[in-house]
Amino acid sequence: GLYDALNKGIKMADGDFVSWLNADDLLAPGAFEAMVSKYRQNPSAQFITGNSEIFHNDNGEPVTIKTYEFTKPSDFEKGRITHNGSAICGCLFSSSFLESIGLFDPSFDIAGDMEFLFRIASASPDCEKVNQTIYFYRAHEDSLTFSDSDFGPVTKKGSQEMFELLPQYIQSPQSSPA
């Protein structure tokens, strides 16, 4: 599955930072340079990211559907963790931070990234934001999370998985009351 494949890739990485990109998505020109520059400003940062856009192709031309401004984990209690304020693809994670929070849970088909984001939020990492779009997520009918139709069978499956995982985080002493 997807999360097993991501875990294998993360385990194979041997650098100080790890990043990944889904097969049908894109990084903005200059994204890595901007994130490395931000890291140099704060070498204690555990991950660095920026904004993201969801787009689809219309007659071969990209059309932006939605733009998301990154939400820092300290602001997740404002409801953004489940509303796509945090795209984890295209982030630059320190290897030591990934080791501390653990890999993706491969028992999920769709919502493994949400569970991963909950663990990130619980860890309250030092994160830095690049004030530009760095990641482009391509929406299409076969996409696991964003398609041109709002609530296809994959979205429903992801929602079901998310509702199954929420109780353990809501009841966790590390979760804020908000």
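Asker: I tried to follow the overall build of the protein on my own but got confused; where do I start?
Answerer: Along the protein, the regular secondary structure elements total 5 helices and 6 strands. Counting from the amino terminus, the protein carries its helices and strands in the arrangement α-β-β-α-β-β-β-α-α-β-α. By sequence separation, contacts in the protein at least 24 residues apart represent 70% of the contacts at least 6 residues apart. When the accessible surface of the protein is totalled, it reaches about 9,800 Å², and 51% of it is carbon and sulfur.

Asker: What am I meant to see in the pattern of salt bridges here?
Answerer: Side chains that differ in charge, positive against negative, can pair when their charged atoms come close. A full pass over the atoms with the stated rule returns 3 salt bridges. Notably, a salt bridge pairs Asp-4 with Lys-8, separated by 3.2 Å at the nearest N-O pair. Residue Asp-4 and its partner Lys-8 are located together in helix H1 (residues 2–12), separated by 4 residues, close to a single helical turn.

Asker: Just checking my understanding: could you explain the pairing of strand S4 (residues 61–68) for this structure?
Answerer: Each regular strand carries side chains that alternate between the two faces of the sheet. Of the strand pairs in this sheet, strand S3 (residues 47–58) and S4 are connected by 7 bridges, and their pairing is antiparallel. Across the sheet, Phe-55 pairs through a bridge with Thr-64, a residue of S4. The antiparallel pairing of S3 with S4 creates a hairpin that spans 2 residues between the two strands, and Asn-59 there sits at a positive phi of about 55 degrees.

Asker: Quick question: what am I supposed to make of the nonpolar core here?
Answerer: Burial of nonpolar side chains together is a common tendency in soluble globular proteins. Among the nonpolar cores identified, the biggest contains 35 residues, and Trp-20, Phe-93, Phe-116 and Ile-120 are the most heavily contacted of them. Put simply, the parts of the chain that give this core at least two residues each are H1, helix H2 (31–41), S3, strand S5 (92–94), helix H3 (95–101), helix H4 (112–123) and strand S6 (127–138). Ranked by residues supplied to this core, first place goes to S6 with 5 residues. The contacts of Trp-20, once residues within four sequence positions are left out, are Leu-6, Ile-10, Ile-88, Cys-89, Gly-90, Phe-93, Leu-98, Phe-104 and Phe-116.

Asker: What exactly am I supposed to notice about the packing of aromatic side chains here?
Answerer: For any two aromatic rings, the description comes down to two numbers: the centre-to-centre distance and the angle of the planes. For the coordinates displayed, the defined rule picks out 12 aromatic pairs. Relative to Phe-104, the ring of Trp-20 lies with its centre 5.6 Å away and its plane at 75 degrees, an arrangement referred to as edge-to-face. Taken together, the residues Trp-20 in the loop between strand S1 (17–18) and strand S2 (26–27) and Phe-104 in the loop between H3 and H4 connect sequence positions 84 residues apart. Given a relative accessible area of 10%, Trp-20 falls into the buried group. Note on Phe-104 and Phe-116: the rings are 4.1 Å apart at their centroids and 20 degrees apart in plane angle, and the pair reads as stacked. With Phe-104 in the loop between H3 and H4 and Phe-116 in helix H4, this pair connects stretches of sequence that are 12 residues apart. Relative accessible area serves as the criterion here: at 3%, Phe-104 is assigned to the buried category. A connected cluster of aromatic rings, assembled from ring pairs, spans Tyr-3, Trp-20, Phe-47, Phe-93, Phe-97, Phe-104 and Phe-116.

Reading the values: rules and limits
- Position numbers for residues count from 1 along each chain, tracking the sequence in the order it is written.
- The predicted origin of the model limits local features to residues at a pLDDT of at least 70 and limits the giving and counting of side-chain atom pairs to 80 or more, whereas totals for whole chains, interfaces and linings rest on all residues.
- Derived side-chain values reflect all non-hydrogen atoms in the structure, with water molecules and hydrogen atoms excluded from consideration.
- Helix and strand assignments follow DSSP, with helices taken as H or I runs no shorter than four residues and strands as E runs no shorter than two, numbered in order from the N terminus.
- Here, residues are in contact when the closest pair of their heavy atoms is within 4.5 Å.
- Accessible areas in this description were obtained via Shrake-Rupley with a 1.4 Å probe; residue shielding takes into account the shown protein chains only.
- Whenever a carboxyl oxygen of Asp or Glu lies within 4 Å of a side-chain nitrogen of Lys or Arg, that contact is scored as a salt bridge.
- Strand pairing is defined by DSSP finding a minimum of two bridges between the two strands.
- Put simply, buried Ala, Val, Leu, Ile, Met, Phe, Trp, Tyr and Cys residues joined by side-chain atoms within 4.5 Å make one nonpolar core.
- Note on exposure labels: buried denotes an accessible area under 20% of the residue type's maximum, exposed denotes more than 50%, and partly exposed covers the range between, all computed with a 1.4 Å probe on protein chains only.
- Two rings from Phe, Tyr or Trp (for Trp, the six-membered ring) form a pair when their centres are within 6.5 Å of each other. A pair whose planes differ by under 30 degrees is stacked, one over 60 is edge-to-face, and the rest are tilted.

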